[in-house]
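Report on the structure
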Amino acid sequence: MAAGYGELLRTRHAARLLAGTLVGRLPNATAPIAIMLFTRAEGGSYTLGGALAAVYGVSNAVGQPLLGRAVDLKGQPRVQLPAAFLSALGMLLLCLSGIGHPVLAYLAVVVAGLFTPPLEGGLRALWPSVLGDGDKVHRAYAMDAVAQEVMFTVGPLLVTVLVSLWSPAAALLVINGIGVLGALSVVVSEPSRVWRSAPREAHWLGALRSPGLLALLGSFFFVGVALGSITVAGVAYGDDHGKPWVYGVLMAALGLGALVGGLGYGARRWAGAPEPRLLVIVALLAVGYLPLLLTPGVVAMTVLAGVAGVFLAPALACAFIVVDRHAPRGTVTEAFSWLVTTFGVGSAVGTGAAGPAVELGGTAASFGVAAVGGVLALLVLVATRRVLTVPQVGEGAVNMAGASENDRIGEVEPGFSSGHQA
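Residues numbered from 1 in each chain as written. Predicted model: local features only at pLDDT ≥ 70, side-chain atom pairs only at ≥ 80, totals over all residues. Heavy atoms only, no water.

The residue Asn-176 is located in helix H9 (residues 168-187) in this model. Of note is the side chain of Asn-176, whose polar atom sits 2.8 Å from the backbone oxygen of Leu-172. If sequence neighbours within four positions are ignored, Asn-176 has contacts with Pro-27, Ser-87, Ala-88 and Met-91. (Helix = DSSP H or I, 4+ residues; strand = E, 2+ residues; numbered from the N terminus. Polar contact = N/O pair within 3.5 Å; in protein donor to acceptor, adjacent residues only side chain to side chain. Contact = heavy atoms within 4.5 Å.)

Here you go:
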């Protein structure tokens, strides 16, 4: 397992692109907690902090596919770096204006969210040109997704350290400054500078004209609902046991499970097309959420959270290849960005639904939202399995040494892993 990933990292440009993308995405990974801490430090309420974080999230969801389409049309450097600067300027405006003028605060987070550069989709578009071989590309999807799992765990911790050493405002500025440097590292690299999307058919729907991609996005909206609801349910479970640290333990177990599952899945070679395998993995994911309804003692609940996380990473990672296979030619960055957006919106919906569920039915009901999300994700895949079995001739078909999709359907491929935002 380690040898396979080590070989990838020794490939020219691979380590730099992976590290630059992860660093460049730190502002996005840490924005909700950083905004909330800043708002509270300025004397604002939890309601205002939550509203600002929500507006940032919605703006990010809107901006990702739009910027992804721009990358496909104009190239990476002309879009990614200006977007990173504008996003950082949005957070600078928030720090300078504070929350005394709410309109300015909301405007600042809208700018920061809307212009978050689509580095995640951009990296996945670059892997074929950097690695060439299809097996390596598939394993690279696993590697970058596992690394993101670590980032979404370490990022919030970094914010809290910066806040304790300086201030919430300083944390916002430092994190976003680091993010700009990460984006800069990516866009000045040779693969990013020379990459060009395949020629695309002019169509106002862009990547969304693919039925298979729409089916996948519908399913992973509900996967996002499940994951988003667990964050609220975990807080409620911790409150029930009178131990606030329990929430952190549950989230750590969920992340550890995802990390282990992703690494194990990425180490295997898988025969056949990924679409049927994705259906099986999502079924296992849905089953993994059901025992959480039992809400047993802390030790048992931690184990169940870890088990629930095991299939999340492979499900998301397998989706990367499905996106690549179903994205219409010339829309690969936009298609990956839509996956990020859909998952993020679903997560926000799950977070919003879990709150009332706690008040109406208790902690078990909030974990029930996760279970329902998992089941609905599976049902969408079952209902749309016919369109998913007929992939488009996507960007991957062009980049992977000119192989057609029909040539690739039965190939042997390794697995992948994932992070929290697809």
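Let us keep going from here.
A separate point is the packing of aromatic side chains. The description of two aromatic rings rests on the distance between their centres and on the angle between their planes. Evaluated as defined, the whole model comprises 3 aromatic pairs. Their ring planes at 80 degrees and their centres at 5.1 Å tell us that Phe-221 and Phe-222 sit as a pair that is edge-to-face. On the basis of an interplanar angle of 40 degrees and a centroid distance of 4.7 Å, the ring pair of Tyr-265 and Trp-270 is categorised as tilted. For the pair formed by Tyr-265 and Trp-270, the shared burial category is buried. Its end group placed over the ring of Phe-320, Arg-124 keeps NZ or CZ at 3.6 Å from the ring centre. (Phe/Tyr/Trp six-rings, centres within 6.5 Å; stacked < 30°, edge-to-face > 60°. Buried < 20%, exposed > 50% of the residue type's maximum accessible area, 1.4 Å probe, protein only. Lys NZ or Arg CZ within 6 Å of the ring centre and 35° of its normal.)

Below, the discussion takes up H9. One turn of the α-helix equals 3.6 residues, which is why residues spaced by three or four share an orientation. Here H9 contains 20 residues, and its C-alpha end-to-end distance of 29 Å stays within 8% of the 28 Å for a straight helix at 1.5 Å per residue. For H9, every residue scored as buried is listed here: Pro-168, Ala-170, Ala-171, Leu-172, Ile-175, Asn-176, Gly-179, Val-180, Gly-182, Ala-183, Val-186 and Val-187. (Expected span 1.5 Å × (residues − 1).)

Mean pLDDT for the protein chain: 83, with 88% of residues reaching 70 or above. Low pLDDT (under 50) marks residues 394-420, which in the prediction has 113 contacts with non-local residues, meaning those over four places away or in another chain. (pLDDT = per-residue confidence, 0-100.)

Moving on: empty space enclosed by the protein. Where empty space is left becomes clear once a probe the size of a water molecule has been rolled over the atoms. Going through the model one piece at a time under the given rule, you end up with 2 cavities of 30 Å³ or more. When its volume is computed, the largest cavity comes out at roughly 140 Å³. Lining the largest cavity are 17 residues, with Gly-24, Pro-27, Asn-28, Thr-116 and Pro-117 sitting closest to its centre. When contributions to the lining of the largest cavity are tallied by element, the ones reaching two or more residues are helix H3 (26-41), helix H4 (46-74), helix H5 (77-97), helix H7 (119-131) and H9. Volume-wise, the second largest cavity comes out at about 50 Å³. Only helix H11 (211-240), helix H12 (245-267) and helix H14 (298-310) provide two or more residues apiece to the lining of the second largest cavity. Split into classes, the residues belonging to the lining of the second largest cavity amount to 8 nonpolar, 1 polar and no charged. (1 Å grid on protein atoms, 1.4 Å probe; cavity = no way out; pocket = protein on both sides within 12 Å on 5 of 7 lines; lining within 4 Å. Points joined across faces, edges and corners; volume = space filled by probe spheres on them. Nonpolar A, V, L, I, M, F, W, Y, C, P; charged D, E, K, R; others polar.)

A separate point is the layout of surface pockets. Looking at the largest pocket, its volume works out to about 1500 Å³. What lines the largest pocket is a set of 39 residues, and nearest its centre among them are Pro-32, Thr-231, Tyr-247, Ser-347 and Thr-351. The set of elements that each furnish at least two residues to the lining of the largest pocket consists of H3, H4, helix H8 (134-165), H11, H12 and helix H16 (332-361). Taken together, the residues of the lining of the largest pocket sort by class into 22 nonpolar, 17 polar and no charged.

Turning our eyes to something else, we now look at H14. Here H14 is 13 residues long and its end C-alpha atoms lie 19 Å apart, about the 18 Å a rise of 1.5 Å per residue gives. When we look at burial in H14, the residues that qualify are Val-298, Met-301, Leu-304, Ala-305, Gly-306, Ala-308 and Gly-309. Turning to H14, the residues buried within the fold contact H11, H12, helix H13 (274-289), helix H15 (312-326) and helix H17 (363-383).

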